[in-house]
Amino acid sequence: MKIKEISQKVRKIRTDNGALITNINWSNLDLGEEVAVFDSQKGIAFLVPETNKTKVYYAAACEEEITELLLKVPAGVVLEYFYRSENEMGTIFERAGFSHYANYFRVTTIYEVNPFGNETGKRKLLNELYDPECGEYPILEDAEELDQLTRRKFDPLTDDVFSIDEWQDIIRKKECLVIKENGRIVTYYVWRLEGRKLYSNMSLNLGPANYIYNLERRVFDLMWKEGIRVSYAWLNEGNGRVLTKSSLTKKAGDLYDAIYIK
């Protein structure tokens, strides 16, 4: 069934039952794509293949219907549930054979002043070592090395582990900076401008701390000059090193993402 047809059925479920429970984000889906479907009179679940994984989406009139639908999907699929305060769906997913895998939280920051350039404490040294010329845009031939580095350090089931084609698209758009030593990439930073928001997508640093500081500050300063005052990032609750570096905690999140795998 095409996703466009699924959207029509979802609207009918809402109309017929006056309620709808769903994890579907239509903006991320291709309405013309043909996907596998598991449906009933009061609900529907469908599978969407992505790079490295297959995600399951659902929409139903009640929680019991969601359990019945998710029991039908095959093992290995990934389910994401976004919520604002409490995760009230965990028990339902577990009844359907899913296991909790990871928690992420989004941190959105609105800046009145540029946070770079006036650091104190341990970060003061990074400010002193800042080199605005540090880093370079990768070339298309770097896509394979970026792919290999990412697959060694990130989880393809939860993180944005891109395909070679996707890396090449990022390179063409100049949404990545790298630092090389002896011709090999040791640090990279990937970002994306979404409207008037800077999305800090992914970073990896195998060099000294000032390497990634240089890249992040270089991009932020560029965006600041363009009038961008909002940035956000998704952080893994279990990644203590990233949380320590950013001085953030789960309480700082404005949106949460619980990830389950069957």
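These lines cover the structure that appears in this document, whether it is placed above or below. Keep in mind the model is a prediction, meaning the values are calculated, not measured. (Residues numbered from 1 in each chain as written. Predicted model: local features only at pLDDT ≥ 70, side-chain atom pairs only at ≥ 80, totals over all residues. Heavy atoms only, no water.)

### Observations regarding the overall build of the chain
Helices and strands together make up the secondary structure of the chain, namely eight helices and 11 strands. For the chain, the spread of C-alpha atoms along the principal axes amounts to about 65 × 40 × 30 Å. When the 262 residues of the chain are sorted by exposure, 45% land in the buried category. Restricting to contacts in the chain with at least 6 residues of sequence separation, those with at least 24 account for 68%. (Helix = DSSP H or I, 4+ residues; strand = E, 2+ residues; numbered from the N terminus. Buried < 20%, exposed > 50% of the residue type's maximum accessible area, 1.4 Å probe, protein only. Contact = heavy atoms within 4.5 Å.)

### Quick notes on the packing of helix α5 (residues 143-153) against helix α6 (residues 164-172)
When two helices pack together, you describe them by how their axes are tilted relative to each other and by the distance separating the axes. As a packed pair, α5 and α6 sit with axes 9 Å apart at the nearest point and diverge in direction by 120°. Viewed along their axes, α5 and α6 adopt a mutual orientation that is oblique. The two elements α5 and α6 meet at a crossing, and its hand is right-handed. On the side of α5, the interface is formed by Ala143, Glu144, Leu146, Asp147 and Thr150, while α6 contributes Ile164, Trp167, Gln168 and Ile171. Classifying every residue of the contact of α5 with α6 gives five nonpolar, two polar and two charged. (Axes fitted to C-alpha atoms, helices over the stretch in contact; angles between N-to-C directions. Parallel < 35°, antiparallel > 145°, perpendicular 65-115°, else oblique. Left-handed = near helix turned anticlockwise from the far one by under 90°. Nonpolar A, V, L, I, M, F, W, Y, C, P; charged D, E, K, R; others polar.)

### Considering α6
Among all positions of α6, only Trp167, Ile170 and Ile171 are buried. Mapping the buried residues of α6 onto a view down its axis gives an arc of 100°, with all of them on the same face. Of the exposed residues in α6, the ones pointing more than 90 degrees away from its buried face are Asp165 and Arg172. (Arc of directions from axis to C-beta.)

### Things to note about the pairing of strand β10 (residues 230-236)
If a strand is regular, its side chains alternate between the two faces of the sheet. β10 sits mainly inside the fold: five of its seven residues count as buried. Across seven bridges, strand β6 (residues 99-110) lies against β10 in antiparallel orientation. Along β10, the bridge assignment pairs valine 107 with alanine 233. In this sheet, β10 lies alongside strand β9 (residues 197-205) in parallel orientation, the contact comprising three bridges. Residue pairing across strands places lysine 197 opposite valine 230, the latter belonging to β10. With respect to chirality, the unit in which β9 leads through helix α7 (residues 209-225) into the neighbouring parallel β10 is right-handed. (Pairing = 2+ DSSP bridges. Right-handed = clockwise from strand over helix to strand, strands pointing away.)

### Quick notes on the nonpolar core
In terms of nonpolar packing, the biggest core is built from 24 residues, with Val56, Tyr58, Leu70, Leu79, Phe93 and Phe98 touching the most fellow members. For this core, the elements supplying multiple residues, two or more each, are β3 (43-50), β4 (53-60), α2 (63-71), β5 (78-83), α3 (90-95), β6 and β11 (255-261). Apart from residues no more than four positions distant in its own chain, valine 56 is found in contact with Asn23, Ala45, Phe46, Leu47, Leu70, Val73, Val77, Val78, Leu79 and Phe98. Counting 19 residues, the second largest nonpolar core, distinct from the first, contains Cys134, Tyr189, Leu198 and Tyr211. (Core = buried A, V, L, I, M, F, W, Y, C linked by side-chain atoms within 4.5 Å.)

### So, the pattern of salt bridges
In total, this model carries 11 salt bridges according to the counting rule given. Notably, a salt bridge pairs lysine 55 with glutamate 50, separated by 3.7 Å at the nearest N-O pair. Lysine 55 gets classed as buried once you look at its relative accessible area, which sits at 12%. Residue class for glutamate 50 comes out partly exposed when judged on its relative accessible area of 33%. A salt bridge links glutamate 145 to arginine 184; the shortest N-O distance between them is 3.4 Å. Pair noted here: glutamate 145 is in helix α5 and arginine 184 is in strand β8 (residues 184-194), with a separation of 39 residues, a long-range link. (Salt bridge = Lys/Arg side-chain N within 4 Å of Asp/Glu carboxyl O.)

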